[in-house]
2 protein chains.
Amino acid sequence: MAPDDQPAPPLRRRGARMRSAVLAATVDVLAEHGLAGTTVGAVARAAGVHETSVYRGWRTRENLILEALAEQLDAAVPLPDTGRVRDDLVTYFGALARLLATPQGEALLRLSAERDDTLPDHRLAYWSDRLDRGAVMVARAVERGELPPDTDPGLVIEALAGPLFTRALISGAPLDATLAPRLVDLVLGGASAPKPGA
Amino acid sequence: MAPDDQPAPPLRRRGARMRSAVLAATVDVLAEHGLAGTTVGAVARAAGVHETSVYRGWRTRENLILEALAEQLDAAVPLPDTGRVRDDLVTYFGALARLLATPQGEALLRLSAERDDTLPDHRLAYWSDRLDRGAVMVARAVERGELPPDTDPGLVIEALAGPLFTRALISGAPLDATLAPRLVDLVLGGASAPKPGA
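Conventions we followed
Residues numbered from 1 in each chain as written. Chains lettered and ligands numbered in written order. Predicted model: local features only at pLDDT ≥ 70, side-chain atom pairs only at ≥ 80, totals over all residues. Heavy atoms only, no water. Helix = DSSP H or I, 4+ residues; strand = E, 2+ residues; numbered from the N terminus. Buried < 20%, exposed > 50% of the residue type's maximum accessible area, 1.4 Å probe, protein only. Contact = heavy atoms within 4.5 Å. UniProt positions renumbered as here; feature names shortened; annotations may be inferred. pLDDT = per-residue confidence, 0-100. Domains from an automatic or database assignment. Least-squares fit on C-alpha atoms with pLDDT ≥ 70 in both.

- Going by the annotation in an unreviewed UniProt entry, the name recorded for chain A is TetR/AcrR family transcriptional regulator, with Streptomyces omiyaensis given as the source organism.

### Structural notes on the environment of B:Pro163
Working step 1: Within the secondary structure, B:Pro163 is located in helix H8 (residues 153–171).
Working step 2: A residue is classified by how much of its surface remains accessible, and B:Pro163, at 0% relative accessible area, is buried.
Working step 3: Through-space distance from the C-alpha of B:Pro163 to that of B:Leu179 is 9.2 Å; in sequence the pair is 16 residues apart.
Working step 4: Sequence-distant contacts of B:Pro163, that is, excluding residues within four places in its chain, are made with A:Glu158, A:Ala159, A:Gly162, B:Glu158 and B:Leu183.

### A look at the UniProt feature "domain: HTH tetR-type" (unreviewed entry) in chain A
Working step 1: In the numbering used here, UniProt assigns the feature "domain: HTH tetR-type" (unreviewed entry) to residues 16–76 of chain A.
Working step 2: Secondary structure across residues 16–76 of chain A divides into 89% helix and 0% strand, with the first and last C-alpha atoms of the span separated by 19 Å.

### Considering the UniProt feature "DNA-binding region" (unreviewed entry) in chain A
Working step 1: The UniProt record annotates "DNA-binding region" (unreviewed entry) at residues 39–58 of chain A.
Working step 2: A distance of 13 Å separates the end C-alpha atoms of residues 39–58 of chain A, which is 80% helix and 0% strand.

### As for the confidence of the model for chain A
Low-confidence regions, as indicated by low pLDDT, have predicted coordinates that should not be scrutinised in detail.
All names here are of chain A.
Working step 1: Chain-level statistics for chain A give a pLDDT mean of 84 and a share of 84% at 70 or above.
Working step 2: Summarising per-element confidence for chain A, the mean pLDDT is lowest in helix H6 (residues 103–113) (75) and highest in helix H9 (residues 179–189) (98).
Working step 3: Confidence drops under pLDDT 50 across residues 1–5; counting only partners more than four residues distant or on other chains, this segment forms two contacts.

### Here we look at the domain arrangement of chain A
Working step 1: The assigned domain composition of chain A is domain 1 (12–69) and domain 2 (77–189).
Working step 2: A separation of 27 Å is found between the C-alpha centroids of domain 1 of chain A and domain 2 of chain A.

### Remarks on the side chain of B:Asp88
Working step 1: Along the chain, B:Asp88 turns up in helix H5 (residues 85–100).
Working step 2: Beyond its immediate sequence surroundings of up to four residues, B:Asp88 is in contact with B:Pro80, B:Asp81, B:Thr82, B:Gly83, B:Met137 and B:Arg140.

### Considerations on the side chain of A:Thr166
Working step 1: Relative to the assigned elements, A:Thr166 resides in helix H8 (residues 153–171).
Working step 2: Once you skip the residues sitting within four places of it in the chain, A:Thr166 turns out to touch A:Ser171, A:Gly172, B:Gly162 and B:Phe165.

### What to know about the relation of the copies chain A and chain B
Working step 1: Between the two copies, chain A and chain B, the superposition gives an RMSD of 0.0 Å; the rotation angle is 180° and the shift along the axis is 0.0 Å. Here the symmetry operator amounts to a two-fold rotation axis.
Working step 2: A share of 100% of the interface residues of chain A reappears at the interface of chain B, consistent with the copies meeting face to face through the same patch.

Right under this line is the structure:
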């Protein structure tokens, strides 16, 4: 690298660029070293910034981890709005399955399931909030008349998210590409009904 | 306690009685002290037996923990066979929800989700095996003609178990008595169909 090509020294990386660099480094350190190994020092070294900059931006290690978790998941799993509930759900849960199949995704979910007295309330709120957001896709379908008015959007989302989380955390079954569409068809159509394509 | 009322001394408790006492003590120690605190010494003290008896019966701490986990869950959540799939599933997943709402149940599930290089393969097999067993209820309904022949029994069980595990491990939402019947009606009937009672 030519001398004039060098990146700005750590302390000069301010604002949005430093924020992205630190959050990306946090995700990497989490995936590689787990919750216990994700110290402000390790993140600062991985991001090429000074520890004091991290403390200035996030104040605590817990805030930093939570914000990194939120950014990573929200960017990887955007909320679609295609106008058809099946398409929305297959897209959304397909993206979630792909995320959970990566080492980073599994580490982030595992972090959320770990008990750690410094974090629990924030993490519970984080996932409740994400499940609520997913429920918006189902609520929109009810508004459009695509699903009956007595549909419980939160329960539909839990029946779709639960099996993905269970495969990642507990059973170890594969998070393959067919899983999300099969689950969506089951939960929308019901096990008692003949399958649309059958 | 009168002197002649005393239990037999530890070394005299043999066979089935010692086995039950040790497994029950293992569950209690796990629930109270977690995986790291569940040593053979702690279990032996809680059960009132000698450590050598535990090693003689189980050889390793891992074998002991896995057998205790299996016994506890299988006894608390028996597999019903009422002849009606809705009744079977509501009974089974209602019992699972009640178990997971107890500190012991949550601790046992949490143990299964923890990464610990001494245990992982056994635990993956344990849960895969339990999910397979649950699938028998759905497979019987297919044989009876109560569900269509192209039903995927394992997927139905995952859609019902996943939300319970997720509430216990991740979202912290309550495992109340209405959850299992609402989930079973959703997964059997499908979100797209008008509800039977609506």
